[in-house]
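Close look at the chain arrangement
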Amino acid sequence: MQERALAALRKARSTFGSFSTGQKAVTISMVLALAVGGFFFSQWASQPSYATLYSNLSGADGNAIVEKLTADGVPYQLTDGGSTIQVPQAQVYDLRLKMSGEGLPSQADGGGYSLLDKQGITTSDFMQHVGYQRALEGELAKTIKSIEGVTSASVHLAIPQKDVFTDDAAKPTASVLVSTQADKPMTHSQVKAVVNLVGSSIEGMNPADVTLADSTGKVLSAGGEQALGASGDEREQQTQAFEQRMSGSIQQMLTQVLGPGKAVVKVTADLDYDQTETKSQRYVNDPNLPPLSSTTKEESYSGGGTPTGGVLGPDNIQVPSTQAGNDYKSTTETRDNAVGLVTETRKTAPGKVRKLDVAVMVDGQAAVGMDVAEIQRIVTSAAGVDAQRGDTIAVAALPFDNSASEKAAAELAATQQAEQDARTMELVKIGGAAAIIALLFAVGLLRGRRKRRSALSKKEQAKLAELQAELERVKVEAAKAAIEAAEREALPAGTGEQPAEPDADKREELREEISGMVSRQPEEVAQVLRSWLADRRS
């Protein structure tokens, strides 16, 4: 194994030694680039992933924990303005146990129920009451700070003393001040959660008696269901959301018919945020049910005898009565039926539409051949316009000014083209750099090959000298053969022998060898030929 490694090392050393200066520079640059890239990759791969150790820390607790981590040599990161500490994920639970053993975090900013541990047997009733109230405030503050986006919280309670001689005792109230992150204001659901959480934590407290404000001085809840359900800013947000939702649905419907950008819809809504409560009572009776009690009373009378007189006539003479006697009969029935009482309480939710105004503008070119009245009828049905409620709707076909949209489209196309050109230029630069590196490498390789080919070995020089001598001998023989042929031509015909042809195959073979050597080492062969010519001239 060691011999193979040494052989590979010697081979690499010999290969690098045969490189030209350019090749060596390129090779060294590539090796350095790979080494630097490997170093940074190893640093990135070896970097641990961090997890949250503690969040929403006070300044004192954060400072104490950081000092402890520094003393133990544990890497850490600070986020959220120093209130959150992150450590390597593998050490989170061990460090939490260790910090808990050290009494960290101490929660010095709130205290909570830990304040009750400091009370002794000599503590007065007043101090016990104040300590209990401070403990409640600290615990509520810590609970509120656990809500997402809340960085700090302060709770103040006003709990009246209980008096056994007073029937109408004062109710407790609370005020809460919260500080949130700059980009995460409290939502309506979070405000409602804080108010109900504080109101449910104190005995006898109603959520309507809780006031909530933020660090900017803005009152988020002033108490009461009306403040929770329909504050000024929230009313405006709900109204805008309703108008946008209504406009978007109508706009989407018209886009399917007219095309994008061919219609503009504006909805103005007047919403009723008043809360009303209506109570009504009515009595019900089921005739199929038997009565609770029934009483029947009958009276009858029968009488006889001569009547005492009659009615006076026109001459004040009494007319005799024809009645023979008096009879009387009376029946009275009383029934007590079961009667039910129904009490109904209705609370109207805020947000009822009081009035709705819808305006629609359609591009005149897109509306060619369309009935504007039909569009108005469809929009009226989709928006739920009620004329009896006072709602209005207006639909008009007007020519649109598309210069702004065309200019924006042109600017967008120019921006996209510029980005495409920039990407193309980047690719060209990268390709050019790669091509230059490849060209330098190729030039260095060719120079190395040419350098290796330009140096002839002793054996090759001897072979070239042998070829030169052989070529000279062939030339001499050819000259002799030419002289003999001329002499034979001068003699009479049929008196001599035929001339001997020179060795043509030998010359062709020598010519091919010389041509091959010239193609392989042109510079060296040229130098040898120059030296031969110089020898002949001398």
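Before reading on, note that the structure itself is shown above.
Throughout this description, residue numbers start from 1 for each chain and increase along the sequence as written. It should be noted that, the model being predicted, local features are given only for residues of pLDDT at least 70 and side-chain atom pairs only at 80 or more, the latter also being counted only at that level, while totals for whole chains, interfaces and linings use all residues. Side-chain metrics rest on all non-hydrogen atoms present in the structure, leaving aside hydrogens and water.

To continue, consider the overall build of the protein. Counting from the N terminus, the helices are the DSSP runs of H or I reaching at least four residues and the strands are the DSSP runs of E reaching at least two. Secondary structure summary: the protein contains 13 helices and 14 strands in total. Burial status follows relative accessibility: with a 1.4 Å probe on protein chains alone, a residue under 20% of its type maximum counts as buried, one over 50% as exposed, and anything between as partly exposed. Classification of the 538 residues of the protein by burial places 21% in the buried group. The accessible surface values rely on the Shrake-Rupley method and a 1.4 Å probe; as for residues, cover is taken only from the protein chains in view. Taken as a whole, the protein presents about 38000 Å² of accessible surface, with 55% of it coming from carbon and sulfur.

Strands pair, by our definition, only if DSSP identifies at least two bridges between them. Overall, mixed pairing links the three strands, which are arranged β8-β13-β14 in an open sheet. Either end of the sheet is taken by a strand with one partner, and the two such strands are β8 (263–272) and β14 (392–398). Going from strand to strand, the sheet's axes swing by 10° on average, the running direction of each strand aside. In this sheet, β14 lies alongside strand β13 (residues 352–363) in parallel orientation, the contact comprising seven bridges. By the bridge assignment for β14, D363 is matched with L398. Helix axes use the C-alpha atoms of the stretch in contact, all axes being lines fitted to C-alpha atoms, and the angles between their N-to-C directions lie in the range 0 to 180 degrees.

On to the packing of helix α3 (residues 59–72) against helix α4 (residues 92–101). One can describe the packing of α3 onto α4 by two numbers: an axis separation of 12 Å at closest approach and a directional angle of 115°. Crossing hand, α3 versus α4: right-handed. Where α3 approaches α4, its residues I65, K68, L69 and D72 are matched on the opposing element by L95, K98 and M99. In this scheme the crossing of two helices becomes right-handed for a clockwise turn of the near helix relative to the far one and left-handed for an anticlockwise turn of less than a right angle. Whether two residues are in contact is decided by their heavy atoms: any pair within 4.5 Å suffices.

As for its placement among the helices and strands, T278 is situated in strand β9 (residues 276–284). For T278, a relative accessible area of 46% gives the class partly exposed. C-alpha of T278 to C-alpha of R346: the two residues are 68 residues apart in sequence and 5.0 Å apart in space. Residues contacting T278, with those up to four places away along its chain left out, are E344, T345 and R346.

Salt bridges are counted wherever a side-chain nitrogen of Lys or Arg sits within 4 Å of a carboxyl oxygen of Asp or Glu. Tallying each qualifying case throughout the model produces 11 salt bridges. One salt bridge connects D391 with R389, and the closest N-O pair in it is separated by 2.4 Å. According to the relative accessible area criterion, R389 is partly exposed, its value standing at 33%.

Ring pairs shown here join Phe, Tyr and Trp side chains whose ring centres sit within 6.5 Å, with only the six-membered ring taken for Trp; geometry is labelled stacked below 30 degrees between planes, edge-to-face above 60, and tilted in between. This structure, assessed with the given rule, holds one aromatic pair. Here the aromatic rings of F39 and F40 are separated by 5.6 Å at their centres, their planes lie at 70°, and the arrangement is edge-to-face. With a relative accessible area of 47%, F39 lands in the partly exposed category. The exposure class assigned to F40 is exposed, which follows from its relative accessible area of 54%.

Let us look at the sheet that holds strand β1 (residues 50–54). Pairing between the strands of a sheet is mediated by backbone hydrogen bonds and can be parallel or antiparallel. If you trace the three strands from one edge of the open sheet to the other, you get β1-β3-β2, paired in antiparallel fashion. Edge positions in the sheet fall to β1 and β2 (77–79), since each of these pairs with one other strand and no more. Across this sheet, the average inter-strand angle for adjacent strands is 40°, counted without regard to direction. In terms of strand pairing, β2 meets strand β3 (residues 84–88) through three bridges, oriented antiparallel. The residue of β3 that forms the bridge with Q77 is Q86. Most of the contacts of α3 go to β3, to which it runs at about 20°, and overall it touches β1, β2 and β3. Contacts from α4 reach β1 and β3 within the one sheet, and its direction differs from that of β1 by about 20°.

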